[in-house]
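Structural overview
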Amino acid sequence: MGATVQGAGESSGAAEGPGAGPGAVREAAEEGVYPRPGLRRPQWESLDGVWEFGFGDGDPAGSAVRGEEDGGGPFDHRITVPFPPESPASGIGDTTPHPVVRYRRRIPHEVLVPAGSRPGDRALIHFGAVDHRARVWLDGHLVAEHVGGQTPFTADVTDALRPGAAEHVLVVRAQDDPADLAQPRGKQDWQPRPHAVWYERTTGIWQSVWAESVPAQHIADLAWIPDPARGVTAELTLAEPPSGPLTVDVELSLDGEVLAASSTEVRTPRSRIDLVIPALRNGIDREDLLWRPERPTLLQARVVVRAPGGGDAAEVLDAVDSYTGIRSAGVGGGAFLLNDRPYPVRSVLNQGYRPDTLLASAGTAELRREVELIKAMGFNAVRVHQKAEDPRFLYWADRLGLLVWGETAAGYEFGTHAVELLTREWLDLVRRDRSHPSVVTWVPMNESWGASDIASDPAQRHYSLALAHLTRAVDPSRPVLSNEGWEHTDSDILGVHDYTSDPEVLTARYGDPAGFDAVLDGPGPQGRVLAVTRAQTERYRSGGVPLMITEFGGLSLRADDGDFSYTRTSSDTQYAALLADLFGALRDSPLVAGFCYTQFRDTAQETNGLLFADGSPKLPLAVIRRIVTGEKDGEAGDTEG
């Protein structure tokens, strides 16, 4: 059995159709269909599509499902997974708060145990994301529990399979309390109806579900750490400790040419394998190998685990396809550095909410189109705001060339439970996304959400500092913002949010050091200090830390009553002129190393987008591009990708 090659929602809203052979699987994976693009195998099957569904409003919080064999019922609805029940695409479209939802699906035995499976192989069911707390049963046996609405998890269902059964019953129970302000929720509204900059809730399954047959000893996790001066380090985690030495073969190639290969004996479940790429020693060749938005070079990777002895003829226990990009990301001299060179950042804020699917997406084609549109408008970066986006979006950013600021959904209150929830989920997200070359900055906290008294409460200040330091501890290769927008405690980039609609004010604040000193010394543009300690203020005053205006603009075009925006315009001409003046003021500043415009697309009642909610541009794309980049007619810009 091969993989389903159509992504969820690509045409009919569900993944369906016949499988394909391994070659076609790899080709499809290269097109971003496989839900986990950095660790791919040929044997997989999408479980997206129509499931049975029911609300469990009567269940006490944290209770087990009554009658685990069939999920406790009733399953009186049908839902299209992976779209949340609040979304129109799900077929439910019920935005009433429901703290508990239940799913049920019958799965043919050959999907979980495909033809050709070997004795001892494991049947896995992967969940991209289930918001917020999930419990999973197969054939009445509890097979997984998970907390974290944005992070993936896997259920090993092998031991729960009913012997001789032609099909198996999968049940998922998701609990998502809209009144729990401690759990990370991002832009999901806690009020009954969306207001201001908060949107409809997303409950339950909202990223793909898929089945996979793997050997008992298999690669459970794979990460890539690039070093532009030397090569790449592979971090490998096996599913279980080896009973004896195993051989791990790693090969990196570009357009069919092998750049580096290694055969390493491993005796522990976790190992680091260094691959030296000789071509990087030549400074000219190195430029062709480095990943950047204008030339997003990706190396294909193949990792094979072999049984002891026998060389190349030894039994293959597991084999996966992956990819990596070689680049460095850092800061220095007041600039953001990509591959050790100053790189002006032109970013746009993307909420990642869509009209028909909310937090979910319609599939890989839609995610690719978003990356293409962002680049077509002249941006070289995107800030995915208050959510962790589907990994396939990051795949397209890797492949097409778009910098990404990795962020997470915030909780709204401070306390021990809130700290534990966000810290655990954030570490899982860093682990999930650390291999993507497009991800160049980490943002664990935004605008003091979940730490609203950070300027006066030492505990909240320690929380912000701890998140920044912990992020650097697990990934020292990227800049970290301790608190995006204001009240920085220890940020590698000074991100400032400034929604003034007057370009002359932007010039006064950021056009020279004296103007910016006044901003640093007083309440910032949004009425919050930029740094919470004098030492940090002086650090940012020194000019060594890059200054970026990481939220600005927020213009709407002919907004209706009840819509939210920071500044309203009444005509295309007024909108285009003000947009050009605001971008121009920041581009002309000698102090500003980058900017992020709010926002990519109108989202619910927040009409700040450069695109309308349906994805159509408010101005011709060529006009938006000239405004963003400052290019004149006939000038060549970044058109690759």
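Scroll up a little and you will see the structure.
Given the structure is predicted, the values throughout are model-derived calculations rather than measurements.

Moving on, we get to helix α9 (residues 513-521). When we look at burial in α9, the residues that qualify are Gly515, Phe516, Val519 and Leu520. The arc that holds the buried residues of α9, viewed along the axis, is 140°, so those residues lie on one side. Facing away from the buried side of α9 by over 90 degrees, the exposed positions are Ala514 and Ala518. Between the side-chain oxygen of the N-cap and the backbone nitrogen of Ala514 there are 3.1 Å, and the N-cap of α9 in question is Asp512.

Strand order across the open sheet formed by three strands is β13-β14-β17, with antiparallel pairing between neighbours. With partners counted over all chains shown, the strands left at the sheet margins are β13 (219-227) and β17 (270-276), one partner each. Each neighbouring strand pair of the sheet contributes to a mean axis angle of 20°, computed without reference to strand direction. Sheet topology places β13 next to strand β14 (residues 231-238); eight bridges connect them, and they run antiparallel. If you follow Asp221 over to β14, its bridge partner there is Thr237.

Bringing the nonpolar core into the picture now. By size, the foremost hydrophobic cluster in this structure holds 83 residues, and its most contacted members are Phe336, Phe379, Tyr510, Leu579, Phe583 and Leu610. Looking at this core, the element that brings in the most residues is helix α11 (residues 572-588), giving eight residues. What Leu610 contacts, discounting residues up to four positions off in sequence, is Val348, Met377, Phe379, Tyr575, Leu579, Tyr597, Gln599, Phe600, Arg601, Pro617, Lys618 and Ile624. Membership of the second largest hydrophobic core comes to 32 residues, among which are Val157, Ala160, Leu170 and Val172.

His132 follows Asp131 through a cis peptide bond whose omega is 10°. Tracing the backbone shows His132 in the loop between β6 (130-131) and β7 (133-138). Looking along the chain, the bond that leaves Thr598 and enters Gln599 is cis, with omega of 5°. Unusually for a residue other than glycine, Asn339 sits at a positive phi of about 55°. Here Asn339 is to be found in the loop between β23 (335-338) and β24 (341-342). Positioned with a positive phi, Glu447 is a non-glycine residue whose angle comes to about 50°. Structurally, the position occupied by Glu447 is in the loop between β28 (439-443) and α7 (458-474). The exposure class of Glu447 is buried, given its relative accessible area of 15%.

Across all of its chains, the model carries 25 aromatic pairs by this definition. Aromatic pair Trp51 and Tyr103: ring centres 6.2 Å apart, planes at 85°, arrangement edge-to-face. In this pair, Trp51 sits in strand β2 (residues 49-55) while Tyr103 sits in strand β4 (residues 100-108), placing the two residues 52 residues apart along the sequence. Residue Trp51 is classed as buried on the basis of its relative accessible area of 1%. Take Tyr103: its relative accessible area is 0%, and that puts it in the buried class. An angle of 0° between the planes, with centres 3.6 Å apart, marks the rings of Tyr499 and Tyr566 as stacked. Note that Tyr499 is positioned in the loop between β29 (494-498) and α8 (503-510) and Tyr566 in the loop between β31 (555-557) and β32 (567-569), a separation of 67 residues in sequence.

This part covers the environment of Asp490. Residue placement: Asp490 occurs in the loop between α7 and β29. Take Asp490: its relative accessible area is 14%, and that puts it in the buried class. Once residues within four sequence positions are removed from consideration, Asp490 is found in contact with Leu465, Ala468, His469, Arg472, Val480, Ser482, Gln536, Arg539 and Tyr540.

Rules used throughout
Residues numbered from 1 in each chain as written. Predicted model: local features only at pLDDT ≥ 70, side-chain atom pairs only at ≥ 80, totals over all residues. Heavy atoms only, no water. Buried < 20%, exposed > 50% of the residue type's maximum accessible area, 1.4 Å probe, protein only. Helix = DSSP H or I, 4+ residues; strand = E, 2+ residues; numbered from the N terminus. Arc of directions from axis to C-beta. Polar contact = N/O pair within 3.5 Å; in protein donor to acceptor, adjacent residues only side chain to side chain. Pairing = 2+ DSSP bridges. Axes fitted to C-alpha atoms, helices over the stretch in contact; angles between N-to-C directions. Core = buried A, V, L, I, M, F, W, Y, C linked by side-chain atoms within 4.5 Å. Contact = heavy atoms within 4.5 Å. Phe/Tyr/Trp six-rings, centres within 6.5 Å; stacked < 30°, edge-to-face > 60°.

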